[in-house]
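So you can see what is in the structure, the chains are spelled out below.
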Amino acid sequence: MSPIAASVLGALINLDHPAHVVKWHFIQLSVSNIVVLGLMLAVFALALVLPFPGARARAQSRREGGSR
Amino acid sequence: MSSTPASRPSSWTGRVREAAVERLPPEKLLPEGQPTYVASWIYIFGVASLASLIVIVGSGTILSLKGPAWWHYTGVGHFFNSVHMWSVELFFFVMVVHLWGKYWMAAWRGGRAHVWITGAVTFLVAVPCALTGYVSQQNFDAQWISTQAKDAMNSIGIGAFFNLTNFGQMYSYHVLLLPVVVIGLVAAHVLLVRRHGVVPPLEIERLRAGAQGPHGGEHPAAHEGAS
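What counts as what
- Residues numbered from 1 in each chain as written.
- Chains lettered and ligands numbered in written order.
- Predicted model: local features only at pLDDT ≥ 70, side-chain atom pairs only at ≥ 80, totals over all residues.
- Helix = DSSP H or I, 4+ residues; strand = E, 2+ residues; numbered from the N terminus.
- Rg over C-alpha atoms; globule rule 2.2 N^0.38 Å.
- Buried ≥ 20, exposed ≤ 12 C-beta atoms within 10 Å, placed from the backbone.
- Contact = placed C-beta atoms within 7 Å.
- Nonpolar A, V, L, I, M, F, W, Y, C, P; charged D, E, K, R; others polar.
- pLDDT = per-residue confidence, 0-100.
- Core = buried A, V, L, I, M, F, W, Y, C linked by C-beta atoms within 7 Å.
- Expected span 1.5 Å × (residues − 1).
- Pairing = 2+ DSSP bridges.
- Axes fitted to C-alpha atoms, helices over the stretch in contact; angles between N-to-C directions.
- Parallel < 35°, antiparallel > 145°, perpendicular 65-115°, else oblique.
- Left-handed = near helix turned anticlockwise from the far one by under 90°.

K.L.:
Looking at this model, I keep getting lost on the overall build of chain A. Mind explaining?
P.N.:
Along the backbone of chain A there are three helices and two strands. Reading the helices (α) and strands (β) of chain A from amino to carboxyl end gives α-β-β-α-α. In terms of overall size, chain A is more extended than a compact globule, its C-alpha atoms giving a radius of gyration of 23 Å where 68 residues would be expected to give roughly 11 Å. Taken along the three principal axes of its C-alpha coordinates, chain A extends 65 × 40 × 15 Å. Burial status across chain A gives 1% buried among its 68 residues.

Below you can see the structure in the form of structure tokens.
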């Protein structure tokens, strides 16, 4: 990364500090890990509800006796 | 090919071939289609894990050709190191979503216990494979991780055999021993999926059971075949 790009990024996101940590009893998670966990849960939920391209047409054609 | 004793191959190679073809015929090994229920986003994460693994192995091979310090002093080395690291992050991300999906659809059904076990063990072996990579970075991050993780290894009594502060040992584990195990397990996992087929959703299995029941309540989805 060029020094200019690093300066611009550094101005937007200050990484010059210890990681932020969330503590709950014996459970201790960094904020970055919580963000990744949240993203995984979101992707999992979306994969269950979002329609797959062409899936309905394929199932319909199969019911009607089509080859594919 | 016949299974009669008279025609059984006399050599071990012939017997291995017969057993392999019997267990995994070519049409199962390389099918031309998948059941229609596979057309769902939740079935994408297994192949996404495979794609990530291919990128990991490719970028890791280039890094190993140039040595572990290459990425510190060249832009190209830094690029391949970043590709390697982010493909590992993606591999674990999609592998965990794949695991959740398969857990909640009870993917060990229908004689698929070995499919489930090879997948679970792959995940367990991939963790130290990634850990040994993080301690092979040759920077302060690697130093911090190795000294912190060494306490964990000592606490379970394996610190003398698996020494995280021994760079040579960790590098060998990372570029050869553990990748060989991961790739072998993934290959076995994929071949077992080919043999047993992709696990159907629970709803389709219930419909199939219903279609064979006394009332013969048939539903088109109960007969999902290759599409």
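Read on, since the account is not over.
K.L.:
Explanation requested: the interface of chain A and chain B in the structure shown.
P.N.:
The figure often quoted for interface size is the accessible area lost as the parts come together. The interface of chain A with chain B comprises 14 residues on the first partner and twelve residues on the second. Among the elements of the structure, helix H2 (31-49) and helix H3 (55-63) of chain A are those that each provide at least two residues to the side of chain A that touches chain B. Broken down by class, the residue content of the side of chain A that touches chain B amounts to nine nonpolar, one polar and four charged.

K.L.:
Could you clarify how one ought to interpret the confidence of the model for chain B in this entry?
P.N.:
Detailed reading of the predicted model is not advised wherever pLDDT is low. All names here are of chain B. Overall, the predicted model of chain B reaches an average pLDDT of 89, with 90% of residues at or above 70. Low pLDDT (under 50) marks residues 214-227, which in the prediction has 30 contacts with non-local residues, meaning those over four places away or in another chain. Quick note on the complex model: pTM equals 0.84, ipTM equals 0.81.

K.L.:
Explain the nonpolar core to me, please; I cannot follow it from the model alone.
P.N.:
The nonpolar side chains of a soluble globular protein tend to be buried, and buried together. Residue and element names in this part refer to chain B. Within the largest apolar cluster, ten residues are counted, these being Ala126, Cys129, Leu131, Val135, Leu164, Met170, Tyr173, Leu178, Val182 and Leu185. Of all elements in the fold, only helix H6 (113-134) and helix H8 (167-196) reach the threshold of two or more residues within this core. For this core, the element with the most residues is H8, which contributes five residues. If you look at the next biggest cluster of nonpolar residues, it comprises eight residues, including Leu53, Phe91, Met95 and Val97.

K.L.:
For this particular structure, what's the right way to read the environment of Phe91 of chain B?
P.N.:
Residues and elements named next belong to chain B. Relative to the helices and strands, Phe91 resides in helix H5 (residues 75-104). Classification of Phe91 as buried rests on a count of 23 C-beta atoms within 10 Å. Separated by 45 residues in the primary sequence, Phe91 and Gly46 place their C-alpha atoms 9.9 Å from one another. Beyond its immediate chain neighbours, meaning those up to four positions away, Phe91 contacts Ser49, Ser52, Leu53 and Ile56.

K.L.:
Explain unusual backbone geometry to me, please; I cannot follow it from the model alone.
P.N.:
Excluding glycine, a negative phi dihedral is what most residues carry, and trans is how most peptide bonds are arranged. All names here are of chain B. One non-glycine residue, Ala106, adopts positive backbone phi at about 50 degrees. With respect to the helices and strands, the residue Ala106 is situated in the loop between H5 and H6. Looking at Ala106, the number of C-beta atoms within 10 Å reads 13, which means it is partly exposed. If you check the backbone angles, Gln138 has positive phi at about 60 degrees while not being a glycine. Note that Gln138 resides in the loop between H6 and helix H7 (140-155). Judged by C-beta crowding, with 15 C-beta atoms within 10 Å, Gln138 ranks as partly exposed.

K.L.:
Which parts of the structure should I look at to understand H2 of chain A?
P.N.:
Two residues of an α-helix separated by three or four positions point the same way, owing to the 3.6 residues in each turn. Taking 1.5 Å per residue as the helical rise, H2 of chain A with its 19 residues ought to reach 27 Å, and the 27 Å between its terminal C-alpha atoms agrees with that figure. Little of H2 of chain A sits inside the fold, with zero of its 19 residues counted as buried.

K.L.:
What am I meant to see in the environment of Phe80 of chain B here?
P.N.:
Within the secondary structure, Phe80 of chain B is located in helix H5. Sequence separation between Phe80 of chain B and Arg206 of chain B is 126 residues; the distance between their C-alpha atoms is 48 Å.

K.L.:
How should the pairing of strand E2 (residues 27-30) of chain A be read in this particular structure?
P.N.:
Walk down a regular strand and you will see the side chains alternate between the two sheet faces. Residue and element names in this part refer to chain A. Judged from the four bridges that link them, strand E1 (residues 21-24) and E2 form a sheet pairing that is antiparallel. Residue pairing in the sheet places Val21 in a bridge with Ser30 of E2. Counting the residues between successive antiparallel strands, the hairpin from E1 to E2 contains two residues, one of them, His25, with a positive phi of roughly 55 degrees.

K.L.:
Help me understand the packing of helix H3 (residues 45-66) of chain B against H5 of chain B in this model?
P.N.:
The relative placement of two packed helices comes down to the angle between their axes together with the axis-to-axis distance. Residues and elements named next belong to chain B. Across the interface, H3 lies against H5 with an axial gap of 8 Å and an inter-helix angle of 155 degrees. Between H3 and H5, the angle falls in the class roughly antiparallel. Read as a crossing pair, H3 and H5 show a hand that is left-handed. Split by residue class, the contact of H3 with H5 holds 15 nonpolar, eleven polar and one charged.

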